[in-house]
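What follows is the residue order along each chain.
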Amino acid sequence: MSASLKDSFAKTLLGFASSLSVLVIFFIFYFLLKESSLALSQIGGSRFFSDSTWAPELNLAEGQFGLLEMIVATVAVATLALFIAAPIGWFTAVYIHFFCKGAFRIFLHRVTEIVAGLPSVVLGLWGLVVLVPVLLNLRAPGLSVLAGAIVLAIMIIPTIVVSTVSAYQNLNSELTLTSKGLGIGKARFILEIATPLASRGISTGFVLALARAMGETMVVVMVCGNVVQMPESMLDPVRTLTGNIALEMGYAYGSHQSALFLSGFLLLLSVLTVFIAGRLFLKTQEEQFR
Amino acid sequence: MSFRSENILKGLSFISALFFCGIFFLILSTLIYQSGALSFEFLTTVSSEAGRAGGILEVINSSFLILAICLGVSVPLSIATAVFLAVFSEKNPLVHNVISTALDTLAATPSIVFGLFGYSFFVIYLGFGFSILAGGLTLAFMVLPFLIRIFEEGISENYRQFKLAGASLGLSRTAQVRRIILPLSTNTISAGLVLGIGRALSETAALLFTSGYLLRMPESVMDSGRSMSVHIFDLAMNVPGGNQNAYRTAVVLVIALIVINLTSTFLTRRVLGAKT
Amino acid sequence: MSGQLRLRKDFSNNESSLTKVSDCSERPGSVCASLKAKNLSLHYGDFKAYDNVNIEIEPCKITALVGPSGCGKTSFLNSVNRLVDLIPGSKLRGELSFGNTDILSPSCDLIELRRKIGMVFQRPAPFPFSIKKNFHIPLKEHGISKSSVRDERMEQSLKDVGLWDEVKNRLKQSACNLSGGQQQRLCIARTLSLKPELLLMDEPCSALDPVSSEKIEQLILSLRDNYTVLMVTHNLAQAKRISDNLLVCWVKDGTGCLIETGKTSEIFFAPAEKLTKEYLQGVRG
């Protein structure tokens, strides 16, 4: 076989392998929609938003299929987690990048990596056994929006730290020298020069972290209490979309199961929306900057 | 004034870093403290009383099988994709955009959605049932985007460095990949492998309804099998009095992951060291 | 727009017998094919790297390509073995042939073309494997399946570049452990092991210290009898020392072009173009 023929053969073969990752995305959408179709035809799309709560019954007319409370819970837990994690993550990254040297810096990097790699089920276990009893002192049952948000925050801090540090690292290294040459203090340099210039990378980290928190399952199932209700305070127990799927898929069938698939599809869409919205926002921001 | 604000910023950021480390050690020490005495027998005996007593031998077995299937499928696929992107279609922005978008989407997809997909496609549609095979394949597609990104970075760096020399000697792209690029990318590949192992071992949600809960020694990949992470979840949530063994399993899992993480940083450092 | 190199009259007679040497087991010896370009131009997307190049490179001579930065010297070199194909958006137009081979033809076998037309880069580019592997990888790909034959080829080429005695006891060691000058000679030897007919050299001495540079220059001179050498250099003194023929290029309106060609001694003695004179005197460029 001639060399160029070998090359085009290899290219075709590898191209097929590569197309698989594109194909999987379509497969995911296709299979989620296919499984949701039963619920859409038997229950109807509007009831997922008009029904007051989630209480599936075999008798579809008696059951309640409202997802609103769980959507609100998902957003509430994830957003609160981001609010807790963002300052800690940003400050830690600032410390790592601007103030810390030598062994402690390597140590901090290592800790960040290890926390990033901790299984969410282990964090959930910790939350369940350590954190929830502490929150129980504030108000029963302890399993709550706040518990979920705190554990999720621990989970997403590494994401924020890593992306913030790399955003600062990507800045032109001459910037520091120029600023020093102009006699600009370190604090002013960090707050008024480095951070605005790195804002794109830093916000990307926040968006990634938010998407990760929204899609997380194990932590919220273990520490949020799984009560289907509209949260009125941070100490209320709630059930999120992901938690609902994890709890009910085990025994659901028929249109109930199909409804779970539909909620999974909605979850996927909303996580991807956060992603795309974040990207678009960053793009326009970048254009303005130019 | 400038010095004062610098000190405030430095102080605040130091407290944050310390707080973050503190939480990490709090988690670690709780795990170790709560698990009580952890003996080697825990790894070598099977469980009893729904996991409350005994060890986790069958769980470790299932985890390994799931991991093997996951990596056996995802590693060759992602190397192929990475080579395709870095070497064979480096000039084609359309191919890069399409695959890149697909990979970003895959990477952003929540693991529970992968679980739903795996259930619908592997368990039901392909008829694998709740099985280690279905769980491993689901995980394979989940880790795919991360592996491809790592491999592509290493492979395109090597290709960029040696493509002119290779091409000027009349080496075809296939020859360059086989004889130069892949042999030079072994470190990248092992780093990716380690990342894949870490991700696959940590995953729970995608396995709940693909490889299932069954606490039994798996006889084949068509059997349902419980991974370590699922075991922790089940003991903590569904088995009263299962907390201690949940903690013990968590300690085993975390130690394994930390060892893997250290191996990976060691390998990455070697990769970076070789380049400079 | 440029002149034609005056060639030996008897050259064209040899051409047909030469191009039969497609099998790389046979050394071309002292008869080589010639490289001809007619109206050759290269575009990178909308950018025109060089335009309207008409030349014929004299076989078995050293031809130096000189000119200021950005006049497309390296681009021209990379066009000859179609290495520019690797750059997205590159487009070669015109005619370019080597012996009977139409280089720009879509059916041109690039693998064989690049074997016949070897290239040495500015920076030594050994593969980060053992010295031995550096030779075996390309030789194997060019169909030499017997390991002993590959070893012979390696030894011969290393002797040709005067590196054999320095490395014969460390063939299994990494090529990256050699000094810069040794690495460059290794790369030349690696190219020679494929028995090319034309050697393209892109500033082969500019990344080296003076002593290594001197060695490479001697080596290039010693290659003259068996190979056609086309080398880019920034170093006018070097061009004057070792080249037989000279191609002077220039940038006009952002595009590279040839302004003068001819015997090196003649051009240095009496440049026909004013620009060439100023360039050689160091007034411009």
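Everything that follows concerns the structure shown earlier in this document.
Structural notes, computed from the coordinates.

**A few points about the overall build of chain A**
If you tally the helices and strands in chain A, you get eleven helices and two strands. Sequence-ordered secondary structure for chain A, helices as α and strands as β, is α-α-β-β-α-α-α-α-α-α-α-α-α. Looking at chain A as a whole, 53% of its 290 residues qualify as buried. Here the analysis covers contacts within chain A between residues at least 6 apart in sequence; of these, 70% occur between residues at least 24 apart.

**Quick notes on the environment of A:Gly127**
Residues and elements named next belong to chain A. Following the sequence through the fold, Gly127 ends up in helix H5 (residues 120-136). With relative accessibility at 0%, the residue Gly127 sits in the buried group. Along the chain, Gly127 and Ser144 lie 17 residues apart, while their C-alpha atoms are 11 Å from each other. The residues touching Gly127, leaving out its near neighbours within four places in the chain, are Val132, Pro133, Val151 and Val223.

**Side note on the interface of chain C and chain B**
Accessible area lost upon the coming together of the parts is a frequently used measure of interface size. On the chain B side, the residues contacting the 24 residues of chain C number 20 residues. Summed over both sides, the interface of chain C with chain B buries roughly 1900 Å², with 71% coming from carbon and sulfur. Broken down residue by residue, the surface that chain C buries against chain B is led by C:Leu86, C:Phe127 and C:Glu141, which jointly contribute 30%. Taken together, the connections running from chain C to chain B amount to one salt bridge. Measuring nitrogen to oxygen at the nearest pair gives 2.8 Å for the salt bridge that ties C:Glu141 to B:Arg179.

**Describing the pattern of salt bridges**
According to the stated counting rule, one finds 22 salt bridges over all chains in the structure shown. Notably, a salt bridge pairs B:Arg173 with B:Glu90, separated by 3.8 Å at the nearest N-O pair. Of this pair, B:Arg173 sits in helix H7 (residues 173-184) while B:Glu90 is found in the loop between helix H3 (57-88) and helix H4 (93-108), placing the two residues 83 residues apart along the sequence. Taking the relative accessible area as the measure of exposure, B:Glu90 reaches 25% and is therefore partly exposed. Here C:Glu278 ties to C:Lys274 by a salt bridge, and the two come within 3.3 Å at their closest N and O atoms. With a gap of four residues between them, C:Glu278 and C:Lys274 both fall in helix H11 (residues 274-280), about one helical turn apart. What emerges from the salt-bridge pattern is a single network uniting B:Glu90, B:Lys163 and B:Arg173.

**Quick look at a nonpolar patch on the surface**
Residues and elements named next belong to chain A. A surface patch of nonpolar side chains, amounting to about 320 Å² of accessible area, comprises Phe49, Leu68, Val72 and Met230. Secondary-structure assignment places Leu68 in helix H3 (residues 68-99). According to the relative accessible area criterion, Leu68 is partly exposed, its value standing at 41%.

**As for the pairing of strand S8 (residues 228-232) of chain C**
All names here are of chain C. The buried fraction of S8 amounts to five of the five residues, a majority that puts the element mostly inside the structure. Covered by surrounding structure in S8 are Thr228, Leu230 and Val232 together with Val229 and Met231, the residues of both alternating faces. Pairing of strand S3 (residues 62-66) with S8, which is carried by four bridges, proceeds in the parallel orientation. By the bridge assignment for S8, Ile62 is matched with Val229. In terms of strand pairing, strand S7 (residues 198-202) meets S8 through five bridges, oriented parallel. Bridge pairing in S8 places Leu199 opposite Val229. One crossover worth recording links S7 to the parallel S8 by way of helix H8 (residues 210-223), and it is right-handed.

**Overview of the interface of chain B and chain A**
Between chain B and chain A, the residue contacts involve 76 residues of the former and 75 residues of the latter. Considering only the side of chain B, the residues that lose the most area to chain A are B:Leu9, B:Phe20 and B:Leu116, jointly responsible for 11% of the buried surface there. Remark: the boundary between chain B and chain A carries zero salt bridges. Summed over the shared surface of chain B and chain A, the number is six residue pairs in polar contact (both at pLDDT 80 or more). It is helix H1 (residues 2-35) of chain B that contributes the most residues to the side of chain B that touches chain A, 22 residues altogether. When grouped by side-chain class, the residues that make up the side of chain B that touches chain A number 52 nonpolar, 19 polar and five charged.

**Observations concerning H3(B)**
In a regular helix each residue adds 1.5 Å, so 32 residues correspond to 46 Å; H3(B) covers 45 Å between its end C-alpha atoms and thus fits that length. With 24 of 32 residues buried, H3(B) is to be regarded as a mostly interior element.

**Points about the packing of helix H7 (residues 180-192) of chain C against H8(C)**
All names here are of chain C. Where H7 contacts H8, the axes come no closer than 9 Å and their chain directions differ by 20°. One finds that H7 runs roughly parallel with respect to H8. Our pair here, H7 against H8, has a crossing hand that is right-handed. Listed contacts from H8 to Gly181, Gln184, Arg185, Ile188 and Leu192 of H7 are Ser212, Lys215, Ile216, Leu219 and Leu223. When grouped by side-chain class, the residues that make up the contact of H7 with H8 number five nonpolar, three polar and two charged.

**A closer look at the packing of aromatic side chains**
In total, this model carries 28 aromatic pairs over all chains according to the counting rule given. Ring geometry for B:Phe162 versus C:Phe127: centroids 6.0 Å apart, planes at 65°, classification edge-to-face. Of this pair, B:Phe162 sits in helix H6 (residues 132-168) while C:Phe127 sits in the loop between strand S6 (117-120) and helix H4 (131-141), placing the two residues on different chains. Taking the relative accessible area as the measure of exposure, C:Phe127 reaches 0% and is therefore buried. Each residue in the set A:Phe27, A:Tyr30, A:Phe31, B:Phe117, B:Phe121, B:Phe122, B:Tyr125, B:Phe128 and B:Phe141 is aromatic and connected to the rest through ring pairs, giving one cluster. Here the guanidinium or amino end of B:Arg199 rests over the ring plane of B:Phe146, the centre of that ring lying 3.7 Å away. Here C:Lys133 stacks its cationic end above the ring of C:Phe129, 4.6 Å away from the centre of that ring.

**A word on the packing of H3(A) against helix H4 (residues 102-117) of chain A**
A pair of packed helices is captured by two measures, namely the crossing angle of their axes and the spacing between those axes. Residues and elements named next belong to chain A. At a minimum axis separation of 10 Å, H3 and H4 run at an interaxial angle of 145°. Seen from above, H3 lies across H4 with left-handed handedness. Counted together, Tyr95, Ile96 and His97 of H3 and Phe104, Arg105, Leu108, His109 and Thr112 of H4 form the full contact between these two elements. Of the residues that constitute the contact of H3 with H4, the class distribution is four nonpolar, three polar and one charged.

**Observations concerning the pairing of S7(C)**
In summary, the side chains of a regular strand alternate between the two faces of the sheet. Residues and elements named next belong to chain C. Taking burial as the measure, the five residues of S7 include five buried ones, the bulk of the element. Burial of the side chains of S7 extends over both faces: Leu198, Leu200 and Asp202 are buried on one face and Leu199 and Met201 on the other. Bridge analysis of S6 against S7 gives four bridges, and the strand direction is parallel. When the sheet's bridge partners are listed, Gly118 is paired in S7 with Leu199.

About the criteria used
- Residues numbered from 1 in each chain as written.
- Chains lettered and ligands numbered in written order.
- Predicted model: local features only at pLDDT ≥ 70, side-chain atom pairs only at ≥ 80, totals over all residues.
- Heavy atoms only, no water.
- Helix = DSSP H or I, 4+ residues; strand = E, 2+ residues; numbered from the N terminus.
- Buried < 20%, exposed > 50% of the residue type's maximum accessible area, 1.4 Å probe, protein only.
- Contact = heavy atoms within 4.5 Å.
- Buried area = accessible area lost by both parts, 1.4 Å probe.
- Salt bridge = Lys/Arg side-chain N within 4 Å of Asp/Glu carboxyl O.
- Patch = residues over 30% accessible without salt bridge, like charges linked within 9 Å, V, L, I, M, F, W, Y side chains within 5 Å.
- Areas by Shrake-Rupley, 256 points an atom, 1.4 Å probe, with all protein chains shown as cover.
- Pairing = 2+ DSSP bridges.
- Right-handed = clockwise from strand over helix to strand, strands pointing away.
- Polar contact = N/O pair within 3.5 Å; in protein donor to acceptor, adjacent residues only side chain to side chain.
- Nonpolar A, V, L, I, M, F, W, Y, C, P; charged D, E, K, R; others polar.
- Expected span 1.5 Å × (residues − 1).
- Axes fitted to C-alpha atoms, helices over the stretch in contact; angles between N-to-C directions.
- Parallel < 35°, antiparallel > 145°, perpendicular 65-115°, else oblique.
- Left-handed = near helix turned anticlockwise from the far one by under 90°.
- Phe/Tyr/Trp six-rings, centres within 6.5 Å; stacked < 30°, edge-to-face > 60°.
- Lys NZ or Arg CZ within 6 Å of the ring centre and 35° of its normal.

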